[in-house]
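Listed below, chain by chain, are the residues.
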Amino acid sequence: MKTLLGAVALMMAGTALAHAEGELFLYNWGNYTSPDMIKKFEDKYQVKVTITDFDSNDTALAKVEAGASGFDLVVPSAGFVGIYAEKGLIQKLDLSKLPNHKNIAPEWLDVAWDPGREWSVPWQWGSTGMSVNVKDYAGDINTSDIFLNPPAELEGKINVIPEMGDVLALATMWAGGTVCSEDPEVMKKVRDALLAAKPKWMSMDYSTVEKMINHDYAATVDWNGSAMRARLGNPDVAYGYPKEGYGLWMDNVVLLSDAKNVDNAYLFLDFIMDPENAAMLSAFARYGNGIAGSDAFMPEDMKTAPEIVPPAEFAAKGQFVTVCTGKALEYQTAIWTELQK
Amino acid sequence: MARRRDFAVNDLPGATLISMLVFIGLYAPILVLIVYSFNAGDSVAKWQGWSLDWYRTAWANDEVKAATWVSLVVATGAAVLSTALATMAALGTTRRPAFRGQTFIYVMINQPLMVPEIVTAVALLLVTAAIKKATGYSGLGYLIVAHAAFCIPFAYLPIRARLEGMDLTLETAASDLYASRWQTFRRVTLPLLMPGILAGAMLAFVTSLDDVVITEFIKSPGQDTLPTYMLGQLRRAMKPDVNAISTLLLALTLVLLSAFFLLTRNRK
């Protein structure tokens, strides 16, 4: 009753100012949410959206787990959705409140971490592949040989991002295994290939966009969004999808169990699954969104971008990079440690 | 420490070279950052001509403005609160003869300098979450109090140093002239102490402005400060507007540190 009176008072007081009818608290990676899309949502539903940034899945999980975080929606990576669900931190979605749920592209509907999408809806997804300067190397770039068995033209000019999960996933698939393989023979092959290739690399560094643009690197293991930005700065940069298999990742929106603005959260979840709005997200973050039909609303430079839309022949080669456990993690850590020496 | 001046580090061979290298290592990256904040292109490392575009971009960014506001409010609140507490602590620990447990008290006051920040952050996360649950309050109060806690030693040290340099004779004289304890404090101690208090407040302000770890853990929705906002940019390519914000923060810090220097240097 008090809140009702308060709301009435607010509405009466707010003749000059447009008062939001409600609020929504989104906890997301920094610089990842399209301000235009948020503005559109706020205007449409008169809901004030407050975005707060996190810098890693672990920080976000720790804060939510401590309780009383005050957030309604969080955007964890694929491997973390299950952890949130297991700990009872998120609630199962009432799909009847999400008419746009049907827009989720078929390949993003029955995902390993959430079959049927009952706990999470897609935010953005991307891949890990090869960025190559085609002036230096004219051969096939759709292969992990670029960094594991480098052609002579690229030797000494290759960068590898220092990201254990992504790099080992590529190497494992190249060696014929699946992500998080526990097969000692496959992992032996991975180790030997990486150690043999390392002297032919130039560095292990994150700042791929700048250095590909400046032609400091001739090739690098790269994320597709970075590859696209590098190409926009230097048309000689091309992105290859390793045919032996490449890594995929996806961030997803989940609804917290202790969310206070559940109705607004549903409005928002449904809103971002509208193809036009999903395209706004992609236009800002420069990644794909997993919503069917959003292509039509994408900016011109993304509709056809080979980094965003994998060529049909490679579309099925992607494997999700999850956080490995047990034996697989032991192998990975051991190889990675040896590689860093 | 009055010794014969027959040894000085800068007489050693190579001392100048080493110190130059240290200064270059310290300041060259910052200079690069400042220069690139004036870059015309949208790269943080490829030079494309001079412009003020990124200052304009940063200025037009509502998130940056909101984060700046939160930073300034928290830093001001934390500086005022921690300086008030530190002043009392400094008076309590110096305007009296040495006492048992003095060292222990010093260690306790300076504890935030010793304990790893992440430990404090996790502890505060658990405590603030419990309080938020119990009271429903999720305002800036948590950040201000938490920042004040780790700013206390920064405010305390200059104030104590100042007090130790002031002998008790003036206060004794005031009491002799029938000034009440309050009058003595208000008319004698406080004015003499003011430079120390201001210096302490500035150090506390700058320390709060810089903080990332504790803020990241206990901020409530919508309470991103400039440093946590900038940290959030890391996963995607950073744009030069982050350089522009850093440059402005740096300028503010420099102004405050210069003021600190002017206030604390010995008067001739």
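In this numbering scheme, every chain counts its residues from 1 along its sequence in written order. To read the labels, note that chains go from A and ligands from 1, taken in the order they are written. In keeping with the model being predicted, local features are shown solely for residues with a pLDDT of at least 70 and side-chain atom pairs are shown and tallied solely at 80 or more, while totals for entire chains, interfaces and linings include all residues.

**Let's talk about the confidence of the model for chain A**
In predicted models, pLDDT denotes the confidence assigned by the predictor to each residue on a 0 to 100 scale. Here chain A shows a mean pLDDT of 89. Residues at 70 or above account for 94%. Per-residue pLDDT stays below 50 along residues 1-20 of chain A; that stretch engages in six contacts with residues further than four places along the chain or on separate chains. For every residue pair, C-beta atoms are placed from the backbone, and the pair is scored as a contact if these atoms sit within 7 Å.

**Focus: the interface of chain B and chain A**
With 27 residues of chain B at the interface, the matching set in chain A holds 25 residues. With five residues, helix α6 (residues 117-135) of chain B is the largest single contributor of residues to the side of chain B that touches chain A. Classes in brief: Ala, Val, Leu, Ile, Met, Phe, Trp, Tyr, Cys and Pro nonpolar; Asp, Glu, Lys and Arg charged; the others, Gly included, polar. In terms of residue class, the side of chain B that touches chain A is built from eleven nonpolar, eight polar and eight charged. Each helix is a run of H or I in the DSSP string that is no shorter than four residues. Each strand is a run of E no shorter than two, and both are numbered from the N terminus.

**Structural notes on the environment of A:Ala218**
Considering the arrangement of structural elements, one finds A:Ala218 in the loop between α8 (208-213) and β9 (219-223). Residues A:Ala218 and A:Lys87, 131 residues apart in the sequence, show an inter-C-alpha distance of 45 Å.

**Focus: the environment of B:Gly222**
With respect to the element layout, B:Gly222 can be found in the loop between α10 (213-218) and α11 (226-232). For B:Gly222, a count of 19 C-beta atoms within 10 Å gives the class partly exposed. For the pair formed by B:Gly222 and B:Val70, sequence separation is 152 residues and the distance between their alpha carbons is 9.0 Å. Non-local contacts of B:Gly222, meaning those with residues more than four positions away in its chain, are made with A:Thr50 and A:Thr52. Working definition of burial: number of other C-beta atoms within 10 Å of the residue's own, with buried at 20 or more, exposed at 12 or fewer, and partly exposed in between, all C-beta atoms being placed from the backbone.

**Overview of the nonpolar core**
What we call a nonpolar core is a set of buried Ala, Val, Leu, Ile, Met, Phe, Trp, Tyr and Cys residues whose membership is set by joining through C-beta atoms within 7 Å. Ranked by internal contacts, the top residues of the largest apolar core, which has 98 residues, are A:Leu73, A:Val74 and A:Ala171. Ranked by residues supplied to this core, first place goes to helix α6 (residues 164-174) of chain A with seven residues.

**Regarding the confidence of the model for chain B**
The predicted model of chain B averages 86 in pLDDT, with 93% of residues at 70 or higher. Among the scores for the predicted complex, ipTM is 0.76 and pTM is 0.80.

**A short note on the packing of helix α8 (residues 169-176) of chain B against helix α9 (residues 181-210) of chain B**
All names here are of chain B. Angular values range over 0 to 180 degrees, each being the angle between N-to-C directions of two axes fitted as lines to C-alpha atoms, with helices fitted over their stretch in contact. Here α8 crosses α9 at 145 degrees, and the two axes come no closer than 10 Å. Note that α8 runs across α9; the crossing there is right-handed. Contacts between α8 and α9 involve Leu-170, Glu-171, Ala-174 and Ser-175 from the former and Thr-184, Arg-187, Val-188 and Thr-189 from the latter. Broken down by class, the residue content of the contact of α8 with α9 amounts to three nonpolar, three polar and two charged. Crossings are sorted by hand: turned counterclockwise from the far helix by less than a right angle, the near helix makes the crossing left-handed, and turned clockwise it makes it right-handed.

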